Amino acid sequence: MTRPPGTEPGEPAAAAPVLRDSVVGGDNIQITSARDVTIISRGARGRSLVRIVAAGVVLALCGVAAGMWPTLADTARDLAGAPVLAGTVTSRLYVTDSVATYERLPPGDHAVLLRGPNFKQLTELLSRHHAARVGEMDVVIVLQGRRSRPVRIIDVRPRVRRSGPVPTGTCLTVPSQGDGTEYKVKANLDLQTPEGGGSRYLPKSIDLADGERVTVEFSVTAARRWYEWDIEVIYVYKADEQPTSSFFGGADGQPFRITGEAKTYATVYGDPSYLGAGYRAWGRNEPCRRPPRP
């Protein structure tokens, strides 16, 4: 006798698998056999839907936060008082440039000059006596944006902090060197107005993104008076704000100094590059004789 598959003598025959759906007590019940009953709770499906929606909200918020991060970072820098612009300033000297001080140099500094000081010793000596460049000077400033939003440079101009009559104490000539530039600003501090009758010194506005740099070279002249001055940078970086100014001086924290040439000086030192030795006092109560620029 042939037995149904899956039966043994003395055992009741197993029922064939049956697939049917039913809903009992609000649950969806799937029955695939007498020994296989799966209950899928509506509550579980609801919790899964909540997790999916929550994950979507989190992803959306992350996307919004990523898009707002530059603005948030700028706001944090503003609240911390971080500068919107960074600047590096270099003052350029030429072999034929001369500098002047109000007072005659004391014996100690006079002895330093006679020994032929190196460039560091000479610049420290001149800085102590607030020496001013005679006639003309060049200053280079490199500006860098420090915000995610572009910083628009509206103008870059000299700012006179103090002025007075030309010094007549000591005059001497110093050697140095300079480098190139991208934007040029010419300023006569005796007039304190841009050349050509315009309203600003910078030829055009400059937009600086975060990390971008621009170089501006100042060619400043003075003939009538002595001036202390620094560099004023006028900029905006928010659409609804008024222009703001930042000020930049020399690397030693002091302002720049320039003066017109006096008719005579109490002491005049000769340029050692022409004398072949240290500085020597080669005149008293005389003009500041110096070779012309090449």
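Visitor: Outline helix 2 (residues 107-114), supporting the account with residue identities and numerical values.
Guide: By the burial criterion, the buried members of helix 2 are Asp109, Val112 and Leu113. The arc enclosing the buried residues of helix 2, seen along the axis, measures out at 100 degrees, which places them on a common side. Phi turns positive one or two residues past the end of helix 2, at Gly116, with a value near 75 degrees.

Visitor: How would you summarise the pattern of salt bridges if you had to cite specific residues and measurements?
Guide: Throughout the structure, instances matching the rule amount to eleven salt bridges. Residues Asp78 and Lys238 are paired through a salt bridge, measuring 3.2 Å at the closest nitrogen-oxygen approach. On the criterion of sequence distance, the pair formed by Asp78 in helix 1 (residues 42-79) and Lys238 in the loop between strand 13 (226-236) and strand 14 (244-248) is long-range, its members being 160 residues apart. One connected set of salt bridges, linked through shared partners, spans Asp78, Arg147 and Lys238.

Visitor: Describe the pairing of strand 8 (residues 151-164), with residues and values.
Guide: Where strand 8 lies against strand 11 (residues 206-208), three bridges are found, and the strand directions are antiparallel. Each bridged residue has a counterpart across the sheet, and for Val151 the counterpart in strand 11 is Leu208. Note: strand 8 against strand 13, eleven bridges, orientation antiparallel. The partner of Ser163 across the bridge, within strand 13, is Tyr227.

Visitor: Go over the packing of helix 2 against helix 3 (residues 119-128), please, and point to the residues and values.
Guide: Helix 3 packs onto helix 2 with a crossing angle of 155 degrees between their chain directions and a minimal axis gap of 11 Å. As the angle between them shows, helix 2 and helix 3 are arranged roughly antiparallel. Judged by the sense of rotation from one axis to the other, the crossing of helix 2 with helix 3 is left-handed. Contact with helix 2, carried on its side by Asp109, Val112 and Leu113, involves Leu122, Leu125 and Arg128 of helix 3 and no other residues of that element.

Visitor: Could you give me a rundown of the state of the cysteines, with the residues and numbers involved?
Guide: Per the counting criterion, the structure on display carries one disulfide. Residue Cys171 pairs covalently with Cys288 via a disulfide, S to S 1.7 Å. Handedness of the Cys171-Cys288 disulfide follows from its S-S torsion of about -50 degrees: it is left-handed. Within this pair, whereas Cys171 is found in strand 9 (residues 170-173), its partner Cys288 is found in the segment after strand 17 (281-283), the two being separated by 117 residues in sequence. For the pair Cys171 and Cys288, one class covers both residues: buried.

Visitor: Describe the confidence of the model for the protein chain, and please don't skip the residues or the numbers.
Guide: Looking at the protein chain, pLDDT values average 75 and 68% of them are 70 or higher. Per-element averaging of pLDDT across the protein chain places strand 3 (residues 36-40) at the bottom with 43 and strand 15 (residues 256-259) at the top with 94. Ignoring residues within four places in sequence, the model shows residues 16-41, a span with pLDDT below 50, making 33 contacts including any to other chains. In this model, residues 176-181 is a region of pLDDT below 50 whose contacts with residues beyond four sequence positions or in other chains number 13 contacts.

Visitor: Explain the side chain of Thr259 to me, and be specific about the residues and the numbers.
Guide: The residue Thr259 is located in strand 15 in this model. Those residues in contact with Thr259 that lie beyond four places of it in its chain are Ala100, Ala132, Arg133, Val134, Gly135, Val166, Pro167, Ala222, Arg225 and Trp226.

About the cut-offs
- Residues numbered from 1 in each chain as written.
- Predicted model: local features only at pLDDT ≥ 70, side-chain atom pairs only at ≥ 80, totals over all residues.
- Heavy atoms only, no water.
- Buried < 20%, exposed > 50% of the residue type's maximum accessible area, 1.4 Å probe, protein only.
- Helix = DSSP H or I, 4+ residues; strand = E, 2+ residues; numbered from the N terminus.
- Arc of directions from axis to C-beta.
- Salt bridge = Lys/Arg side-chain N within 4 Å of Asp/Glu carboxyl O.
- Pairing = 2+ DSSP bridges.
- Axes fitted to C-alpha atoms, helices over the stretch in contact; angles between N-to-C directions.
- Parallel < 35°, antiparallel > 145°, perpendicular 65-115°, else oblique.
- Left-handed = near helix turned anticlockwise from the far one by under 90°.
- Contact = heavy atoms within 4.5 Å.
- Disulfide = S-S within 2.5 Å.
- pLDDT = per-residue confidence, 0-100.

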